[in-house]
Amino acid sequence: SRNCACVVMAQPVALEAEENNGELEALKKTLEVERQELTRSERVQQQLQAVRQSLQRRCDDLESDLERLRASTPLDEVADALERSTQDADNSCNAMRVELEEEKLEADRAELCAQECADRADVACSTIKEATAAIESLRLAHELAEARQTSALEQARSMVSVEALRRAEADAAQIHEQLTEQ
């Protein structure tokens, strides 16, 4: 019975050990696959570097050959004419740039002048409106003053007439008295 208990207790430990061994083996296989992939990647990288170095040397050689050809080959008439044409076009382009800048400055000046004129016109319109309002106010005041003057003149005339009438009555009464006394 002791042996049975040991066997029963040993079975779970043995199962755990087998599971752990299985996981360990799977991890070892994965590690080995990863190492092989790393080794392969390193080989490919070395090969690519070798190809890159070879291509760089070839490129350097071609550039050297091109420089030697340029130095040893004189420009022919067509190339000279093309270079002159290019230079003339560049000069023309630069002249056009200068002219364009001058025209832009002139347009900016014209726009500024137009804005100043518009501002002055706005101020003049405001001044005209104010002057028109003041003229209308003065015209009404003038009409009122004329009406008062006319009224005052009529009143003055009627006062003069009443006063003259009183004097005439007084003179008539005095003359009448004098006549009666005589």
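Worth saying up front: this structure is predicted, and the values here are computed from it rather than measured.

Definitions and limits used
Residues numbered from 1 in each chain as written. Predicted model: local features only at pLDDT ≥ 70, side-chain atom pairs only at ≥ 80, totals over all residues. Heavy atoms only, no water. Helix = DSSP H or I, 4+ residues; strand = E, 2+ residues; numbered from the N terminus. Buried < 20%, exposed > 50% of the residue type's maximum accessible area, 1.4 Å probe, protein only. Areas by Shrake-Rupley, 256 points an atom, 1.4 Å probe, with all protein chains shown as cover. Salt bridge = Lys/Arg side-chain N within 4 Å of Asp/Glu carboxyl O. pLDDT = per-residue confidence, 0-100. Contact = heavy atoms within 4.5 Å. Disulfide = S-S within 2.5 Å.

To continue, consider the overall build of the protein chain. On a plain count of helices and strands, the protein chain comes out with two helices and zero strands. For the protein chain, with 182 residues in total, the buried portion stands at 0%. If you sum the accessible surface of the protein chain, you get close to 16,800 Å²; carbon and sulfur atoms cover 58% of it.

Taken as a whole and judged by the stated rule, the model has six salt bridges. Notably, a salt bridge pairs lysine 104 with aspartate 108, separated by 3.5 Å at the nearest N-O pair. In this pair, lysine 104 and aspartate 108 are both assigned in helix H2 (residues 77–181), four residues apart and thus about one turn of the helix distant. Given a relative accessible area of 48%, lysine 104 falls into the partly exposed group. Here arginine 109 makes a salt bridge to glutamate 106, at a shortest N to O gap of 2.8 Å. Pair noted here: arginine 109 and glutamate 106 are both in helix H2, with a separation of three residues, about one helical turn. A single network of salt bridges, built from pairs that share partners, joins Glu136, Arg139 and Glu143.

In this section: the confidence of the model for the protein chain. On average, residues of the protein chain carry a pLDDT of 81, and 87% of them reach 70 or more. Long-range and interchain partners of residues 1–10, a stretch whose pLDDT sits below 50, account for zero contacts in this model, where long-range means more than four residues apart.

Bringing the state of the cysteines into the picture now. Tallied over the full model, the rule gives zero disulfides. Sulfur of cysteine 113: no disulfide; nearest cysteine sulfur belongs to cysteine 117 and is 4.2 Å away.

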